[in-house]
Amino acid sequence: FQKPEMLRVSVEGLCLQILAMGFGPVHSFLAEALDTPKKEVLDAAIQDLREVGAIRKCKATGDWELTELGGHLARMPVDTRLARMLVFAAVFGCV
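Treat the numbers as computed from the prediction; the structure is a model and nothing was measured.

Okay, the packing of aromatic side chains next. With the rule as written, the count across this model stands at 2 aromatic pairs. Measuring from centroid to centroid gives 6.3 Å for F88 and F92, while their planes differ by 15°, and the two rings are stacked. A relative accessible area of 62% places F92 in the exposed class. Geometry around W64 places K57 over its ring, the cationic atom sitting 4.8 Å from the centre.

The next thing to look at is helix 2 (residues 12-20). Within helix 2, the full set of buried residues consists of E12, C15, L16, I18 and L19. Seen along its axis, helix 2 keeps its buried residues to an arc of 160°; they face one direction.

So, about the pattern of salt bridges. This model, assessed by the stated rule, comprises 4 salt bridges. In this structure, D43 engages K39 in a salt bridge whose closest nitrogen and oxygen atoms are separated by 2.8 Å. You can see D43 and its partner K39 sitting in helix 4 (residues 39-52), 4 residues apart, about one turn around the helix. When the shortest N-O distance is used, the salt bridge between D48 and R81 registers 3.8 Å. Of this pair, D48 sits in helix 4 while R81 sits in helix 6 (residues 80-91), placing them 33 residues apart in sequence. Given a relative accessible area of 47%, R81 falls into the partly exposed group.

Procedures and definitions
- Residues numbered from 1 in each chain as written.
- Predicted model: local features only at pLDDT ≥ 70, side-chain atom pairs only at ≥ 80, totals over all residues.
- Heavy atoms only, no water.
- Phe/Tyr/Trp six-rings, centres within 6.5 Å; stacked < 30°, edge-to-face > 60°.
- Buried < 20%, exposed > 50% of the residue type's maximum accessible area, 1.4 Å probe, protein only.
- Lys NZ or Arg CZ within 6 Å of the ring centre and 35° of its normal.
- Helix = DSSP H or I, 4+ residues; strand = E, 2+ residues; numbered from the N terminus.
- Arc of directions from axis to C-beta.
- Salt bridge = Lys/Arg side-chain N within 4 Å of Asp/Glu carboxyl O.

Nothing here speaks to function; it is all geometry.
Below you can see the structure in the form of structure tokens.
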């Protein structure tokens, strides 16, 4: 049998989608999945999204929330870093 796709691919996009759809904190939402990614993998994905500028801590709740850039990235069906590059290229008139 193959590993589930959630365990084989990058989960940054999945984290963005969970936040964009308002399903609550990523860790608690994915804890209900049949084959949950390891906590270290989710923590690394959250860290990558924070570094890209796609998420920030909500001051009121302390949970992660999408930034405006994160909202745009969540709508793009490509890798998060590539999506960020495409958004900035469009903003600066490079494409």
